[in-house]
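The chain contents come next:
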2 protein chains.
Amino acid sequence: MKPITTFNQLTEHLTTLCKRKRVVAVCPNDAHSEYAIKRAVEEGFASFLLVGDARLLHSYTELSIYSDNIEIIDIPDSDEAAREAVRLVRSGKADILMKGLINTDNLLRAILDKEHGLLPAGKVLTHLAVMQIPTYHKLLFFSDAAVIPRPTLQQRIEMIWYAIRTCHHFGIEQPRISLIHCTEKVSSKFPHSLDYVNIVELAEAGEFGNVIIDGPLDVLTSCERESGNIKGIASPINGDADVLIFPNIESGNTFYKSVSLFAQAEMAGVLQGPICPVVLTSRSDSGLSKYYSLAMACLSSNDI
Amino acid sequence: MKPITTFNQLTEHLTTLCKRKRVVAVCPNDAHSEYAIKRAVEEGFASFLLVGDARLLHSYTELSIYSDNIEIIDIPDSDEAAREAVRLVRSGKADILMKGLINTDNLLRAILDKEHGLLPAGKVLTHLAVMQIPTYHKLLFFSDAAVIPRPTLQQRIEMIWYAIRTCHHFGIEQPRISLIHCTEKVSSKFPHSLDYVNIVELAEAGEFGNVIIDGPLDVLTSCERESGNIKGIASPINGDADVLIFPNIESGNTFYKSVSLFAQAEMAGVLQGPICPVVLTSRSDSGLSKYYSLAMACLSSNDI
């Protein structure tokens, strides 16, 4: 498989698979969810169970292509709808969970429920996103912009594993993973830089398989060959990173929001850790971003 | 004075002042420093004392406009050169200090020397930068991307004061200052968000004069009106921030490097706190970035 380097290639690839993934969406009665869901139906890579207030979901049955691939389950209360959606995943009726117009905390409560939820005991819940940046030569994955404030070493290792698996789904055989810091210097003032030393050692020992992992590196040295050359930094990443692992949520979140705003990048993201990918875009994300996130989830659910 | 909204307006404004600021540069024997220094001489807003190895600085005397406004002080040892540059500032012979091809730590040692340095006791040393982003409608100031890892409340207050004074130099009468976080929610999990509550209270009590300060806010809500509207956030910043105060160095540094790389922004920056502005650009910054930093320092040294 040739690596997928744009969102267009991603959705084209899904279309060629000729198999609709089954998505359950909770309260998708907002314009952006509707755009994403209808387009995924039209492109032929997903079918949907919509759980929510049926009176708010009638526009999903306008065309027969929609009604053929969309089933509405009338549960007006959003918390109940969330629990029902989780139940549908657990019983094998859906491959992917998608958030609509429901508060994130309320949806997470259903996902994280110890007895009836979707996160196996001991699994790390984290957010993996991918950006298509007009000024970068391929897709750029990054984690974590949304869930874990200060990852522990073990959480960082899990974040890297999720990224590696997703890169494989995207056809990237040897992902280049950059561990982000302000500089290339390791310092006990910055505990994450000590974690990075451990992680690079694990990678060199072959623990992560066929990957290139290096750090601490800054965003410039990770993504621009020239910067490393000027600084005299010889990193195997070589300005060609596939994945950026951020030290904390503030830096990951700043990256996501400033690059999407100022570099006009398109973004997709999924929650990792639960037994199925969860599309959990925020209110201010575009319809296109929700659509690409759905596509990313459909690709990632292949081996779950 | 009309607000300065681009770097071109900044250098034009300096040219109209018809007064050269006196800059002492330490070891400026690199191509980017040479570009910045020669251009500042040509534009007429600065004259220079160059302290370093004279054998490496001969290209600064090629034209008479250079030799008329550039004096070379031959001190081959870079640490001695740094100490001499600091002495020249202390004795009133220079208004601004500029770093060339010398290790940042070595230059800082001379600046921070308790007895012979440039930082008054009790003053906070911090970095203030400003970006010209093609997709933003004015200059955007931010702090701290380079010096203080985790600012205390008092350090944040000083960072804001430096930003306010610099905004005034740029003709911004009522700076809009956004205190950056991942969301608009205050939480004890994120101690900086508690600092923000204090700072907003101080601002509302008039402590900072004629400013608008709000936070916690994310980068999108700070710089894009539409995002706030979608989220239903009514902030007086209104997507029109002049200044972003970042919670920690990792997020500030990520902002600076990712926006300069992916949004092709131009950057200027100076160290604040010492008795004169210090231009301390890094090896990977462009000649243009050094030039704009010089210009920012020349404008900021007005009232020092």
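Every chain is numbered independently, its residues counted from 1 as its sequence is written. Numbering of ligands from 1 and lettering of chains from A proceed in the order in which they are written. Local features in a predicted model are, by the rule used here, given only for residues with pLDDT of at least 70; side-chain atom pairs are given and counted only at 80 or more, and totals for whole chains, interfaces and linings are based on all residues. Each side-chain value is derived from all of the structure's non-hydrogen atoms; neither hydrogens nor water enter the calculation.

J.: How would you explain the overall build of chain A if you had to name every residue and give the values?
T.: For the purposes of this entry, the term helix denotes a DSSP run of H or I that reaches at least four residues, the term strand denotes a run of E that reaches at least two, and both are numbered from the N terminus. A tally of helices and strands in chain A yields 11 helices and 11 strands. Computation of the radius of gyration draws on C-alpha atoms alone. For the globule rule, the value is 2.2 Å times the number of residues to the power 0.38. Here the C-alpha atoms of chain A give a radius of gyration of 19 Å, agreeing with the 19 Å that 2.2 N^0.38 yields for 304 residues. With respect to the three principal axes, the spread of C-alpha positions in chain A is 60 × 40 × 35 Å. Classification of residues uses two cut-offs on accessible area relative to the type maximum, computed with a 1.4 Å probe and protein chains only: under 20% is buried, over 50% is exposed, and between them is partly exposed. Looking at chain A residue by residue over its 304 residues, the buried ones come to 60%. Surface accessibility in these figures is a Shrake-Rupley result with a 1.4 Å probe; residues are shielded only by whichever protein chains are displayed. With the model as given, the accessible surface of chain A reaches about 12000 Å², and the carbon-plus-sulfur share is 49%. Asp and Glu are treated as the negative residues and Lys and Arg as the positive ones, with His and the ends of the chain left uncounted. Note on charges: their place is set at NZ of Lys, CZ of Arg, CG of Asp or CD of Glu. A gap of 1 Å separates the mean positions of the 28 positive and 36 negative side-chain charges of chain A.

J.: Tell me about the domain arrangement of chain A, residues and numbers included.
T.: All names here are of chain A. According to the domain assignment, chain A contains domain 1 (1–123 + 274–304) and domain 2 (124–269). Residue ranges labeled as domains rest on an automatic or database domain assignment. Spacing between the C-alpha centres of domain 1 and domain 2 amounts to 27 Å. Residue contacts follow a heavy-atom distance rule, with two residues in contact if any of their heavy atoms lie within 4.5 Å. Across the contact, 29 residues belong to domain 1 and 21 residues belong to domain 2. Summed over both sides, the interface of domain 1 with domain 2 buries roughly 2000 Å², with 61% coming from carbon and sulfur. Throughout this description, the term salt bridge denotes a Lys or Arg side-chain nitrogen within 4 Å of a carboxyl oxygen of Asp or Glu. In this structure, the connection of domain 1 to domain 2 is made through 0 salt bridges. Here a polar contact means two N or O atoms within 3.5 Å. Within protein one must be a hydrogen donor candidate and the other an acceptor candidate, and residues neighboring in sequence count only if both atoms are side-chain atoms. Summed over the shared surface of domain 1 and domain 2, the number is 6 residue pairs in polar contact (both at pLDDT 80 or more). At the level of secondary structure, the elements contributing two or more residues to the side of domain 1 that touches domain 2 comprise helix 1 (7–16), helix 5 (104–112) and helix 11 (287–300). Among the elements that line the side of domain 1 that touches domain 2, the one with the most residues is helix 11, at 7 residues. Summed over both partners, the accessible area (1.4 Å probe) lost when two parts come together is defined as the buried area.

J.: So, the UniProt feature "domain: Phosphate acetyl/butaryl transferase" (unreviewed entry) in chain A: which residues are in play, and what are the values?
T.: UniProt positions are given in the numbering used here, feature names are shortened, and annotations may be inferred rather than shown by experiment. Per the UniProt record, the feature "domain: Phosphate acetyl/butaryl transferase" (unreviewed entry) sits at residues 82–297 of chain A. Secondary structure content for residues 82–297 of chain A is 40% helix and 18% strand, and the end C-alpha separation is 18 Å.

J.: Would you mind going over the environment of lysine 257 of chain A in detail, with residue names and values included?
T.: With respect to the helices, strands and loops of the structure, lysine 257 of chain A is situated in helix 10 (residues 249–262). For lysine 257 of chain A, a relative accessible area of 5% translates into the label buried. Expressed as a C-alpha distance, the spacing of lysine 257 of chain A and methionine 267 of chain A, which sit 10 residues apart in the sequence, is 9.7 Å. When sequence neighbours within four positions are dropped, the list of residues in contact with lysine 257 of chain A reads Cys182, Asp218, Val219, Leu220 and Lys231 of chain B. Here aspartate 218 of chain B takes part through its side chain, which lies 2.8 Å from a polar atom of the side chain of lysine 257 of chain A.

J.: So what's going on with the interface of chain A and chain B? Residues and values would help.
T.: Listed per partner, the contact involves 37 residues of chain A and 37 residues of chain B. Roughly 3400 Å² of surface becomes buried between chain A and chain B when both sides are summed, with 70% attributable to carbon and sulfur atoms. Ionic pairing is found between aspartate 218 of chain A and lysine 257 of chain B, a salt bridge with its closest N-O pair at 2.8 Å. The tally of links between chain A and chain B comes to 6 residue pairs in polar contact (both at pLDDT 80 or more). At the level of secondary structure, the elements contributing two or more residues to the side of chain A that touches chain B comprise helix 8 (219–223), helix 9 (225–231) and helix 10 of chain A. Each residue belonging to the side of chain A that touches chain B can be placed in one class, and the counts come to 19 nonpolar, 10 polar and 8 charged. Under the grouping applied here, Gly and all other residues not named as nonpolar or charged are polar, the nonpolar ones being Ala, Val, Leu, Ile, Met, Phe, Trp, Tyr, Cys and Pro and the charged ones Asp, Glu, Lys and Arg.

J.: Which residues make up the relation of the copies chain A and chain B, and what are the values?
T.: Our superposition of the copies is a least-squares fit, built on the C-alpha atoms of residues whose pLDDT is at least 70 in both. Screw-axis analysis of chain A against chain B gives a translation of 0.0 Å along the axis, an RMSD of 0.0 Å, and a rotation angle of 180°. One copy is carried onto the other by what is essentially a two-fold rotation axis. Mapped onto chain B, 100% of the interface residues of chain A are again interface residues, and the two copies thus contact each other with one and the same surface.

J.: So what's going on with the side chain of threonine 11 of chain B? Residues and values would help.
T.: Residues and elements named next belong to chain B. With respect to the helices and strands, the residue threonine 11 is situated in helix 1 (residues 7–16). The exposure class of threonine 11 is buried, given its relative accessible area of 7%. Not counting residues within four places of it along the chain, the set of residues in contact with threonine 11 comprises Phe45, Tyr291 and Ala295.

J.: Now, about the state of the cysteines: what can you tell me, with residues and values included?
T.: All names here are of chain B. Throughout, disulfides are identified as pairs of cysteine sulfur atoms within 2.5 Å of each other. Under the criterion given, the structure shown has 0 disulfides over all chains. Left without a disulfide partner, cysteine 18 is nearest to the cysteine sulfur of cysteine 298, which lies 14 Å away. With no disulfide of its own, cysteine 298 lies closest to cysteine 276 among cysteine sulfurs, the gap being 11 Å. A relative accessible area of 1% means that cysteine 298 is categorised as buried.

J.: Tell me what's going on with the pattern of salt bridges, and back it up with residues and numbers.
T.: All names here are of chain A. Applying the stated criterion across every chain yields a total of 22 salt bridges over all chains. With a closest N to O distance of 2.9 Å, aspartate 242 and lysine 138 form a salt bridge. Placement of the pair is aspartate 242 in the loop between helix 9 and strand 9 (243–245) and lysine 138 in the loop between strand 5 (126–132) and strand 6 (140–143), with a sequence separation of 104 residues. In this structure lysine 138 comes out as buried when scored by relative accessible area, which is 14%. Each of Lys138, Arg176, Asp240 and Asp242 takes part in salt bridges that share partners, so that together they form one network.

J.: How would you summarise the packing of aromatic side chains if you had to cite specific residues and measurements?
T.: Side-chain rings of Phe, Tyr and Trp (the six-membered ring for Trp) are treated as a pair once their centres are within 6.5 Å; stacked means planes under 30 degrees apart, edge-to-face means over 60, and tilted covers the remaining angles. By the definition in use, this model includes 22 aromatic pairs over all chains. Between phenylalanine 7 of chain A and tyrosine 292 of chain A the ring centres are 4.3 Å apart and the planes differ by 15°, which places this aromatic pair in the stacked class. Residue phenylalanine 7 of chain A is found in helix 1, and its partner tyrosine 292 of chain A is found in helix 11; the two are separated by 285 residues along the sequence. Residue phenylalanine 7 of chain A is classed as buried on the basis of its relative accessible area of 0%. For tyrosine 292 of chain A, a relative accessible area of 8% gives the class buried. A ring pair is formed by phenylalanine 142 of chain B and phenylalanine 246 of chain B, whose centres lie 6.4 Å apart and whose planes are at 85°; its orientation type is edge-to-face. Here phenylalanine 142 of chain B is found in strand 6 (residues 140–143), whereas its partner phenylalanine 246 of chain B is found in the loop between strand 9 (243–245) and helix 10 (249–262), with 104 residues between them in sequence. By relative accessible area, which is 1% here, phenylalanine 142 of chain B ends up buried. By the ring-pair criterion, three or more aromatic residues cluster together here, those being Phe7, Tyr35, Phe45, Tyr291 and Tyr292 of chain A. By definition here, charges over rings are those cases where NZ of Lys or CZ of Arg is within 6 Å of the ring centre and within 35 degrees of the ring normal. The cationic tip of lysine 38 of chain B hangs over the ring face of tyrosine 60 of chain B; the distance from NZ or CZ to the ring centre is 6.0 Å.

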